[in-house]
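# Structural characterization, general
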Amino acid sequence: MKRIATLLALAGLCCFFTACADKSPPPPAKAAAAVQTPGAAPDSFAVAFETNRGTFVVEITRAWSPAGADRFRELVETGFFDEDRFFRVVPGFVAQFGLNDKPAINAQWDAKRLADDSVRQSNARGTVVFATEGPNTRSHQMFFNLVNNARLDGMGFAPIGRVIKGMEVVDSLYSGYGESPDQQFIQTLGNAYLNRTFPKLDYIKTAKLLNSASP
């Protein structure tokens, strides 16, 4: 899988790529697609993630990233994240998720890439962000910043919200497999591949909208 580090090299940051390849959020699988604009979400809303480690709550602020917030709400409303694994957890960097168990569902959302939002908030600890492989390529993969990653701001990673309750759950996600899970295999084979090869991965039981932005 091509990683966002390719963009760093194109930007003249090859030294950063070679020294920190494991600290560059990889992109979602590539797919030819038209850029789309989802329906508008509320100005703010909250989502409770129930995981095998416990529950945490994310507050989304649409003004931070309008298209990203709208897409995230769509994904939650359709149950996209239910049973998804945190397939890439790098201590001191990010926890990545957002690959569905069903290949057809991944393909459906890959075919609806988002136009970029400007970066209006820093990639601070606890923020949630869409992964990208270049301009206008956000679809369904996301990550939580485990530390302050302000260096991602200039690379176009636009936070859409932040964890407001249960950050200790996010911090506890299993990180023993590092970069080993293959994203293309996850994208096409789903949880059967992960359960067989990486059984210790933590996962989302359900992601549900709350009635208000307060837990």
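Keep in mind that this is a model prediction, so the values were computed, not measured.

Cut-offs used in this document
Residues numbered from 1 in each chain as written. Predicted model: local features only at pLDDT ≥ 70, side-chain atom pairs only at ≥ 80, totals over all residues. Heavy atoms only, no water. Pairing = 2+ DSSP bridges. Helix = DSSP H or I, 4+ residues; strand = E, 2+ residues; numbered from the N terminus. Axes fitted to C-alpha atoms, helices over the stretch in contact; angles between N-to-C directions. Contact = heavy atoms within 4.5 Å. Buried < 20%, exposed > 50% of the residue type's maximum accessible area, 1.4 Å probe, protein only. Phe/Tyr/Trp six-rings, centres within 6.5 Å; stacked < 30°, edge-to-face > 60°. Arc of directions from axis to C-beta. Polar contact = N/O pair within 3.5 Å; in protein donor to acceptor, adjacent residues only side chain to side chain.

Here we come to the sheet that holds strand β10 (residues 204–209). Strand order in the open sheet formed by eight strands is β4-β5-β8-β7-β9-β3-β2-β10, with antiparallel pairing between adjacent strands. Both outer strands of the open sheet, β4 (88–90) and β10, are each paired with one neighbouring strand and no more. Within this sheet the neighbouring strands show an average axis-to-axis angle of 25 degrees, counted without direction. Summarising the sheet, strand β2 (residues 44–51) and β10 pair through five bridges and their orientation is antiparallel. Residue pairing across strands places F49 opposite A207, the latter belonging to β10. Across the face of the sheet, helix α3 (residues 66–77) comes into contact with β2, β3 (54–61), β7 (127–130), β8 (142–145), β9 (159–165) and β10 while running at roughly 45 degrees to β2.

What follows concerns the environment of D70. Along the chain, the position of D70 falls in helix α3. Separated by ten residues in the primary sequence, D70 and I60 place their C-alpha atoms 9.6 Å from one another.

Residue alternation in β8 divides its side chains into two sets, M142 and F144 and F143 and N145, and both sets are buried. Pairing of strand β5 (residues 94–97) with β8 involves four bridges; the strand directions are antiparallel. Bridging from a neighbouring strand, A95 pairs with F144 of β8. Examined bridge by bridge, β7 and β8 share three bridges and lie antiparallel to one another. By the bridge assignment, V129 is partnered in β8 with F143.

Scanning the entire structure with this criterion turns up 17 aromatic pairs. Ring centres of Y174 and Y177 lie 5.1 Å apart, and the angle between their planes is 65 degrees; this geometry places the pair in the edge-to-face category. Residue Y174 is classed as partly exposed on the basis of its relative accessible area, which comes to 24%. Its relative accessible area of 17% is what places Y177 among the buried residues. Ring centres of F185 and Y193 lie 5.4 Å apart, and the angle between their planes is 75 degrees; on these two criteria the pair is classed as edge-to-face. Assessed through its relative accessible area of 42%, F185 is described here as partly exposed.

With respect to the helices, strands and loops of the structure, G54 is situated in strand β3. Spatially, the C-alpha atom of G54 lies 9.6 Å from that of K205, the residues being 151 residues apart in sequence. What G54 contacts, discounting residues up to four positions off in sequence, is F49 and V169.

On to helix α4 (residues 103–110). N106, W109 and D110 are the residues of α4 that are buried. Taken around the axis of α4, the buried residues stretch over an arc of 105 degrees, which confines them to a single face. In the core, the buried residues of α4 are packed alongside α3, β6 (112–114) and α6 (183–189).

Moving on to the environment of N191. In this fold, N191 is placed in helix α7 (residues 191–197). In sequence terms N191 and R85 are 106 residues apart; their C-alpha atoms lie 7.8 Å from each other. For N191, the contacting residues outside a window of four places in its chain are E83, R85 and D101. A polar contact of 3.1 Å, which involves the side chain of N191, links it to the backbone oxygen of E83.

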